[in-house]
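Coordinate analysis (summary)
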Amino acid sequence: MKKYKLLTPGPLTTSDAVKAEMLFDHCTWDNEYKTITQKIRAQLLKLAHVSEDAYTAILMQGSGTFGVEAVLSSVIGDKDKVLFITNGAYGERMLDIADYHRLNYLAYNEEYNIIPDAAKVRAILTENPDITHVAMVHCETTTGILNDIHAIGELCAEFGKTYIVDAMSSFGGIDIPLEDDHIDFMISSANKCIQGVPGFSFILARTAALEASKGNARSLSLDIYDQWKTMNKDGKWRFTSPTHTVLAFSKALDELEERGGVEARYQRYASNNKLLIEKMAVLGINAYIDEAYRSPIITTFLYPEQGFDFTDMYNFVKERGYAIYPGKLTKVDTFRMGNIGEIYKEDVENLYNIFYDYLKQNA
Ligand SMILES: *Cc1c(COP(=O)(O)O)cnc(C)c1O
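Computed from a prediction, not measured in an experiment: that's the story for all the values here.

Of the regular secondary structure elements, the protein holds 12 helices and 14 strands. Dimensions of the protein, computed from C-alpha atoms along their principal axes, come out at roughly 60 × 55 × 35 Å. When burial is assessed residue by residue, the protein has 56% of its 363 residues classed as buried.

The structure is reproduced here in structure tokens:
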């Protein structure tokens, strides 16, 4: 099979060193393994600029959605009410989760190319004093739009609401100071900006808020309080842990630190993203989201005027070493390219040449 690099926002292209960590079948119950889990938990808190006194980290088996569902189903009690703020498929997925668990909620749904308006959120919170929790997505991977989690966090602090943020596709690639943003529960996963492989999600929680959620869980395997109680003792996972993924993730965290941390990673993602958008514009392929709202993570591109068929182009690009991503919008024809993972300037330049050749061939 011909190999290619992933321009999808997770799984993404990982380093050889991260992949190599998985060539060992580690035992789960011994101290060495538990120490790795504890080290990961401490490193994650450090990345979020929070202390081990105020916040704690919980690792949860499964993909990112399992982490989001774990938080929503463990934290929201029968008498609670959540305000979901959505402007994309991942925000809407939270509504699906809420329906499955029969949570009380209200939704403020924005257009996919617009960031939620803090003034509207203020009005909703003022009119609905029974709201106890607010939940939203940071980088909506659907489009690549970057929501203002800080502005909504300020409102949560002012109104005394518990704040849940899905920062799946941004944590590790964009600095998120949890306490400054007033975040009580933040969810991300192993295979996004930390650049590990799929297999678990993680939750960073304000310890007091987590303690307060005791007894609210609606599922055994996704009970974050119970997972935390067990893991917090000595690093033991409640059920079989994804050992290979954990080893790879530990390596990925060390690499992130060695290479200059979140700031350096942000710079690489942002400059490659900017270059990608500039290069595509030269070819008449334009970004869907306004510059002011774009994330440096993934970009939605509108189809060019002519000479373009997604499947055809996908195969053309794949044969030349890259896997791109279909669009997720219903109203306009789009495709997406992520630039997180082991993607560098040379890759962006290669892509420009590949797209140039494709469009020329079809002209
Ligand atoms: C990737 C992602 C998820 C989780 O998706 P999974 O396929 O379950 O890993 C959730 N929210 C956002 C914003 C994401 O980018």
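Next up on the list: the sheet that holds strand β14 (residues 334-338). The three strands are arranged β11-β14-β13 in an open sheet whose pairing can be described as antiparallel. Single-partner strands in this sheet number two, and they are β11 (298-302) and β13 (325-326). Alignment of β11 against β14, held across five bridges, turns out to be antiparallel. Looking at the pairing, F301 lines up with F335 of β14.

As a further point, take the pattern of salt bridges. All told, the structure shown has 16 salt bridges when counted by the stated rule. The shortest N-O distance in the salt bridge between D78 and R218 comes to 3.3 Å. Here D78, found in the loop between α3 (64-75) and β3 (82-86), pairs with R218, found in the loop between α7 (207-212) and α8 (224-234); they are 140 residues apart in sequence, far enough to count as distant. For D78, a relative accessible area of 65% puts it in the exposed group.

Turning next to the nonpolar core. If you look at the biggest cluster of nonpolar residues, it comprises 49 residues, and the most contacted ones within it are L44, F171, I194, F202 and L204. The element best represented in this core is helix α9 (residues 243-258), accounting for seven residues. If we ignore the near neighbours within four places in the chain, the residues touching F171 are L44, L47, A48, I176, M186, S188, C193, I194, F202 and L204. In terms of nonpolar packing, the next biggest core, distinct from the first, is built from 30 residues, L72, L95, I97 and A98 among them.

On to the UniProt feature "domain: Aminotransferase class V" (unreviewed entry) in the protein. Per the UniProt record, "domain: Aminotransferase class V" (unreviewed entry) is annotated on residues 31-328. The span residues 31-328 is 43% helical and 17% strand by assignment, and the distance between its end C-alpha atoms comes to 44 Å.

For the rest of this paragraph, the subject is α3. Compared with the 16 Å implied by 1.5 Å per residue over 12 residues, the 17 Å span of α3 between its first and last C-alpha is a close match. Burial of α3 is extensive: nine of the 12 residues sit out of reach of the surface.

Right, let's talk about the environment of V282 for a bit. Within the secondary structure layout, V282 lies in helix α10 (residues 261-282). With 74 residues separating them along the chain, V282 and Y356 place their C-alpha atoms 9.5 Å apart.

All right, on to the site of the ligand then. In the region of the ligand, the neighbouring residues are S63, G64, T65, Y90, R93, V137, C139, T141, D166, M168, S169 and K192. S63 is positioned with one of its side-chain polar atoms (N or O) 2.5 Å from an oxygen atom of the ligand. Between the ligand and D166, the relevant distance is 2.7 Å, taken from a nitrogen atom to a side-chain nitrogen or oxygen of the residue. Contact with the protein chains hides 86% of the accessible area of the ligand, taken as 380 Å² for the molecule alone. Taken together, the residues that form the shell around the ligand break down as four nonpolar, five polar and three charged.

Once that is clear, we can look at the packing of aromatic side chains. For the structure shown, the criterion picks out 15 aromatic pairs. Judged by centre distance (5.9 Å) and plane angle (15 degrees), the rings of F335 and F355 are stacked. Remark: F355 occurs in helix α12 (residues 345-362) and F335 occurs in strand β14; sequence separation between them is 20 residues. Residues F335 and F355 agree in their burial class; the two are buried. Feature note: the residues F301, Y303, F308, F316, F335, F355 and Y358 constitute an aromatic cluster, connected by ring pairs. Cation over ring: K192 sits above Y90, and NZ or CZ is 5.9 Å from the ring centre. A cation sits over an aromatic face here: K279 above Y352, 4.7 Å from the ring centre.

Rules used in this analysis
Along each chain, residues carry numbers from 1 onward, in the same order as the chain's sequence is written. Since the coordinates come from a predicted model, pLDDT governs what is reported: local features require at least 70, and pairs of side-chain atoms require 80 or more to be given and counted, while whole-chain, interface and lining totals use all residues. The side-chain values count all of the structure's non-hydrogen atoms but skip hydrogen atoms and water molecules. To qualify as a helix, a DSSP run of H or I must reach at least 4 residues; to qualify as a strand, a run of E must reach at least 2; elements of each kind are numbered from the N terminus. Burial classes: relative accessible area under 20% of the type maximum marks a residue as buried, over 50% as exposed, and values in between as partly exposed (1.4 Å probe, protein chains only). Following DSSP output, two strands are said to pair if at least two bridges run between them. Just to be clear on terms, a salt bridge is a Lys or Arg side-chain nitrogen sitting within 4 Å of an Asp or Glu carboxyl oxygen. Residues grouped as a nonpolar core are buried Ala, Val, Leu, Ile, Met, Phe, Trp, Tyr and Cys residues, joined through side-chain atoms within 4.5 Å. Any pair of residues with heavy atoms lying within 4.5 Å of one another is described as a contacting pair. UniProt positions are given in the numbering used here, feature names are shortened, and annotations may be inferred rather than shown by experiment. Here the expected length of a helix is defined as 1.5 Å per residue gap, with one fewer gap than residues. A cutoff of 4 Å decides nearness: a residue is near a molecule or strand if any of its heavy atoms lies inside that distance of it. As used in this structure description, the phrase polar contact means that two N or O atoms lie within 3.5 Å; if the pair is within protein, one of them must be able to donate a hydrogen and the other to accept it, and residues adjacent in sequence are counted only when both atoms belong to side chains. We get accessible surface area from the Shrake-Rupley algorithm with a probe of 1.4 Å; when it comes to residues, only the shown protein chains can shield them. Following the grouping adopted for this structure description, the nonpolar residues are Ala, Val, Leu, Ile, Met, Phe, Trp, Tyr, Cys and Pro, the charged ones are Asp, Glu, Lys and Arg, and the polar ones are all others, Gly among them. Working definition: a ring pair exists when centres of Phe, Tyr or Trp rings (six-membered ring for Trp) sit within 6.5 Å. Plane angles under 30 degrees give stacked, over 60 give edge-to-face, the rest tilted. Here, a charge over a ring means that NZ of Lys or CZ of Arg falls within 6 Å of the ring centre while also lying within 35 degrees of the ring normal.

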